[in-house]
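# Geometric and topological summary
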Amino acid sequence: TDFDAETLELDWNHVQLPREENYSLAARKGFVRLMGDSEVMGTRHRATFVGRRLTDFYFTATTLLEFDPKNENEEAGMILLNNGSHFDILIKKTSGKRMLEVKLQFGQTIYHSSPDELKPGPVKLKVSGDKTSFTFSYAQGDEAYMDIETVDSKFLATETVGYFTGVYVGLYATGNGMISKSPADYDWFEYRVK
């Protein structure tokens, strides 16, 4: 998906009814722009999220994100989401530095990987699935992808977290309790079956 059209195709979904002001295909041509608000991912509220259902055990999902958070409450990235539990590869600001980390939230349990400091510029985010696990990776420029975290896929399985929508892979932005002032611009999204 190159985000060149005026609307997203029907395989893209939101959590609850979207706040239309948080999504734009017109603000920057060829990008989908997401603006985070006070909603936090994983709640059943109207968080800024757009995604598609996982349809394959073996897949790779990749996106290119331009996001330069101004405040430490702001984050954006790619997410696997099912019934409130979610695994994220995200960009945020910590102690004045732009950082990348993986966050795994399973019920009330939250795990954060060791953060990597990012260079200026866009970041390619990747999630790969191989039936029993998900692997989160990133790259900048012409660099090879670097694996950050691998997690057992059973922790997002419908049999574990409950029956509702199944697992989504998607793009998100949040202000984690406050309005975000920094746009998250996604240039493209690619979903491939391995």
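It should be noted that the structure appears before, not after, this text.
The residue count restarts for each chain, going from 1 along the sequence in the order it is written. Residues qualify for local features only when their pLDDT is at least 70, as the model is predicted, and side-chain atom pairs are given and counted only at 80 or more; totals for whole chains, interfaces and linings, by contrast, use all residues. Hydrogens and water molecules were not included; the side-chain quantities draw on all heavy atoms of the structure.

### Thoughts on the overall build of the chain
The criterion, for reference: A helix here means a DSSP run of H or I that spans at least four residues, while a strand means a run of E at least two residues long, and both kinds are numbered starting from the N terminus. The reference for a compact globule is 2.2 Å times residues^0.38; the radius of gyration itself is calculated from the C-alpha atoms. Burial classification: accessible surface area is computed with a 1.4 Å probe over protein chains only, and a residue below 20% of its type maximum counts as buried, one above 50% as exposed, and the rest as partly exposed. The criterion used for residue contact is that any of the two residues' heavy atoms lie within 4.5 Å. Residue-level accessible areas treat just the shown protein chains as cover; the underlying method is Shrake-Rupley with a 1.4 Å probe. In this tally, Lys and Arg are treated as positive and Asp and Glu as negative; His is ignored, and so are the chain termini. All charge positions are set by atom: Lys at NZ, Arg at CZ, Asp at CG, Glu at CD.
Along the chain, the regular secondary structure elements total 1 helix and 14 strands. The globule rule puts the C-alpha radius of gyration for 194 residues at 16 Å, and the 15 Å found for the chain is close to it. Oriented by its inertia axes, the alpha-carbon framework of the chain measures out at about 40 × 35 × 30 Å. Of all 194 residues assigned to the chain, the portion counted as buried reaches 50%. Contacts in the chain between residues far apart in sequence, at least 24 positions, make up 62% of those at least 6 positions apart. Surface summary for the chain: the accessible area is close to 9,700 Å², and the carbon and sulfur share equals 51%. Here the chain carries 22 positive and 29 negative side-chain charges, and the mean point of each set is 2 Å from the other.

### Notes on the sheet that holds strand β4 (residues 58-66)
To summarise the sheet geometry, strands pair through backbone hydrogen bonds and adopt either a parallel or an antiparallel arrangement. Rule in force here: A pair of strands is treated as paired once DSSP finds two or more bridges between them.
Across the sheet, 7 strands lie side by side as β1-β2-β14-β4-β10-β11-β12; this open sheet has antiparallel pairing. The sheet is open, and its two borders are formed by β1 (23-24) and β12 (146-152), each paired with just one other strand. Relative to strand β14 (residues 184-193), strand β2 (residues 32-34) runs antiparallel, the two being bridged by 3 bridges. If you follow Leu-34 over to β14, its bridge partner there is Ala-184.

### Here we look at the packing of aromatic side chains
Condition: We call Phe, Tyr and Trp rings a pair once their centres come within 6.5 Å, taking the six-membered ring for Trp, and we label the pair stacked below 30 degrees between planes, edge-to-face above 60, and tilted otherwise.
Under the defined criterion, the tally for this structure stands at 5 aromatic pairs. Note on Phe-49 and Tyr-168: the rings are 6.1 Å apart at their centroids and 85° apart in plane angle, and the pair reads as edge-to-face. A residue pair is termed long-range when its members are at least 10 positions apart, and Phe-49 in strand β3 (residues 48-53) and Tyr-168 in strand β13 (residues 168-174) qualify at 119 residues. The exposure class assigned to Phe-49 is buried, which follows from its relative accessible area of 1%. An angle of 15° between the planes, with centres 5.7 Å apart, marks the rings of Phe-59 and Tyr-191 as stacked. Here the residue Phe-59 occupies a position in strand β4, and Tyr-191 occupies one in strand β14, the gap between them amounting to 132 residues. Assigned by exposure class, Phe-59 and Tyr-191 land together as buried.

### Some details on the environment of Phe-59
Using a relative accessible area of 1% as the deciding quantity, one classes Phe-59 as buried. Along the chain, Phe-59 and Val-193 lie 134 residues apart, while their C-alpha atoms are 4.4 Å from each other.

### As for the nonpolar core
To keep things clear, this is the line we draw: Nine residue types can take part in a nonpolar core, namely buried Ala, Val, Leu, Ile, Met, Phe, Trp, Tyr and Cys, and a core is a set of them joined through side-chain atoms within 4.5 Å.
Counting 39 residues, the largest nonpolar core has Leu-80, Phe-136 and Leu-171 as its most contacted members. The dominant element in this core, judged by the number of residues it contributes, is β14, at 4 residues.

### A short note on the pairing of β13
Of all 7 residues in β13, 7 are buried, a share of seventy percent or more. Neither face of β13 is open: one carries Tyr-168, Gly-170, Tyr-172 and Thr-174, the other Val-169, Leu-171 and Ala-173, and all of them are buried. Of the strand pairs in this sheet, strand β5 (residues 75-82) and β13 are connected by 7 bridges, and their pairing is antiparallel. Residue pairing for β13: Leu-80 is matched across the bridge by Val-169.

### What about the pairing of β14?
As paired elements, β4 and β14 share 8 bridges and run antiparallel to each other. Of the residues in β14, the one forming a bridge with Thr-62 is Glu-190.

### Focus: unusual backbone geometry
The phi angle at Ser-95 is positive, at roughly 50°, despite the residue not being glycine. Its place among the elements puts Ser-95 in the loop between β6 (85-94) and β7 (97-106). Positive phi outside glycine occurs at Asn-176, with the angle close to 50°. Mapped onto the secondary structure, Asn-176 falls in the loop between β13 and β14.

### What about the environment of Ala-173?
As for its position among the elements, Ala-173 is in strand β13. What makes Ala-173 buried here is its relative accessible area of 3%. Sequence separation of Ala-173 and Pro-183 is 10 residues, and the distance between their C-alpha atoms is 8.3 Å. In this view, Ala-173 contacts Leu-34, Met-35, Gly-36, Thr-48, Glu-75, Ala-76 and Ala-184; residues no more than four positions away in its chain are not counted.

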